[in-house]
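# Breakdown of the fold
So you can see what is in the structure, the chains are spelled out below.
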Amino acid sequence: MHIHKEGFASIFIALLAFAIVFLTLFLGIDSWNYWHYLGISLLAIITLFIISFFRIPNRNFTYDENQIICPADGTVVVVEEVFEPEFLKENRKQISIFMSPANVHVNRYSVSGTVVYQKYHKGKYFIASHPKSSTENERTTVVVRTDKGIEILFRQVAGALARRIVCYSKEGQQVKQNQEMGFIKFGSRVDIFLPLSAEIQVKVGDKVKNGISCIAKIR
């Protein structure tokens, strides 16, 4: 396991704040009471949580050009056929994965191919599991065209706590399956829009892991 680069600044600030508070209490108070111990304990828990949030566990990734590999850790909250109006402009099978603050928050490409579209949208901050979050929240849309000519749309959606979406995609970029696509801080959601011919391998409520779980198969 290692710490993601997006967390270096946040972790430094958390550790600095903990050190300042601890040293202030340690040097300035001769006799600690219950509230002092409680405050330090809560601050330590928050610091450990922030460190844990940016963790990247070691994994044996799944590689298969006929499989759509999960782009995010979390819970499947949507599996349905919808019309995608932004880029594809046709009916697609949508799979949405909700990431709680306890999940690993790195996002990965489900397939290999070429990035043909990337756009950031300002928006609101509904709870990421809310249906409106896909079209009204702050979000970044990325479309990858595989070597077989199949276009797959990914959408990183900010949630009620997530206030920063990081996306590494650039139009024209060649990407590999399970390569890092980006990172979303503190609770979020990822939508994937697949061809109607895709064979869905998950259902609502399933727990999935990025880089490992197969969420669909391409005929």
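Residues numbered from 1 in each chain as written. Predicted model: local features only at pLDDT ≥ 70, side-chain atom pairs only at ≥ 80, totals over all residues. Heavy atoms only, no water.

### As for the confidence of the model for the protein
Filter applied, for reference: On a range of 0 to 100, pLDDT expresses the predictor's confidence in each residue. Comment: elements are numbered from the N terminus, with helices defined as DSSP H or I runs of at least four residues and strands as E runs of at least two.
When the pLDDT values of the protein are averaged, the result is 88; 92% of them are 70 or greater. Confidence scores differ between elements of the protein, with helix α3 (residues 133-136) showing the lowest mean pLDDT of 66 and strand β11 (residues 174-175) the highest of 98.

### Focus on unusual backbone geometry
What counts here: Think of it in three bands: residues with accessible area under 20% of the maximum for their type are buried, residues over 50% are exposed, and the middle band is partly exposed, with areas taken using a 1.4 Å probe on protein chains only.
One non-glycine residue, K89, lies in positive phi territory at about 55°. Here K89 is to be found in the loop between β4 (74-84) and β5 (90-99). Taking relative accessible area as the criterion, K89 reaches 53% and is therefore assigned exposed.

### Here's the deal with the sheet that holds strand β8 (residues 139-145)
Here is the rule we go by: The criterion for strand pairing is that DSSP finds at least two bridges linking the strands in question.
Spatial ordering of the open sheet is given by β11-β7-β8-β9-β13-β5-β4-β15, a layout of 8 strands whose pairing is antiparallel. Only two strands of the sheet have a single partner each, and these edge strands are β11 and β15 (207-208). Judged from the 7 bridges that link them, β8 and strand β9 (residues 151-158) form a sheet pairing that is antiparallel. Looking at β9, one finds that T140 is bridged to Q156.

### Side note on the side chain of S169
Put simply, the rule is: What qualifies as a polar contact is a pair of N or O atoms within 3.5 Å, subject to a donor-acceptor requirement within protein and to the restriction that residues adjacent in sequence count only when both atoms come from side chains. Residue contacts are defined here by distance: any two heavy atoms, one from each residue, within 4.5 Å place the two residues in contact.
Looking at the element boundaries, S169 is found in the loop between β10 (165-167) and β11. Only 2.5 Å separates the side chain of S169 from the side chain of Y109, close enough to count as a polar contact. Beyond its immediate chain neighbours, meaning those up to four positions away, S169 contacts Y109, V115, Q118, V142 and M181.

### Side note on helix α1 (residues 8-28)
Where we set the bar: Multiplying one less than the number of residues by 1.5 Å gives the expected span of a helix. To obtain the arc, one takes the directions from the helix axis to the C-beta atoms.
Given a rise of 1.5 Å per residue, 21 residues ought to cover 30 Å, and the 30 Å separating the end C-alpha atoms of α1 matches this to within 8%. For α1, the full list of buried residues reads I11, A14 and L25. Axial view of α1: buried residues confined to an arc of 75°, hence all on one face. Those residues of α1 that are exposed and aimed more than 90 degrees away from the buried face are F8, A9, F12, I13, T24, L27 and G28. Against the buried residues of α1 lie β1 (2-3) and α2 (34-53).

### Focus: the pairing of β5
The pairing of β4 with β5 spans 9 bridges and is classified as antiparallel. Paired with V79 across the strands is I95, a residue of β5. For β5 and strand β13 (residues 188-194), the ladder comprises 7 bridges, and the chain directions are antiparallel. If you follow F98 over to β13, its bridge partner there is R189.

### A short note on the sheet that holds strand β6 (residues 106-108)
Going by this rule: Simply put, an axis is a line fit to the C-alpha atoms, just over the touching stretch for a helix, and the angle between two N-to-C directions goes from 0 to 180 degrees.
Taken in spatial order, the 3 strands make up an open sheet running β6-β12-β10, and their pairing is antiparallel. On the outer flanks of this sheet lie β6 and β10, each paired with one strand and no other. This sheet shows a mean twist of 20° between the axes of neighbouring strands, independent of strand direction. With 3 bridges connecting them, β10 and strand β12 (residues 180-184) associate as antiparallel partners.

### Let's talk about the packing of α1 against α2
The test is simple: Any angle that falls under 35 degrees is termed roughly parallel, while one over 145 is termed roughly antiparallel, one within 65 to 115 roughly perpendicular, and all others oblique. Left-handed describes a crossing whose near helix is turned anticlockwise from the far helix through less than a right angle; right-handed describes the clockwise counterpart. Residues are sorted three ways: Asp, Glu, Lys and Arg are charged, Ala, Val, Leu, Ile, Met, Phe, Trp, Tyr, Cys and Pro are nonpolar, and all the rest, Gly among them, are polar.
The interhelical angle for the contact between α1 and α2, taken along N-to-C directions, is 165°, at an axis separation of 9 Å. Put simply, α1 runs roughly antiparallel to α2. Crossing of α1 over α2 shows left-handed handedness. Taking contact as the criterion, the partners of S10, I11, A14, L15, A17, F18, V21, F22 and L25 in α1 are, on α2, H36, I40, L43, A44, T47, I50 and I51. Classifying every residue of the contact of α1 with α2 by side-chain character gives 13 nonpolar, 3 polar and no charged.

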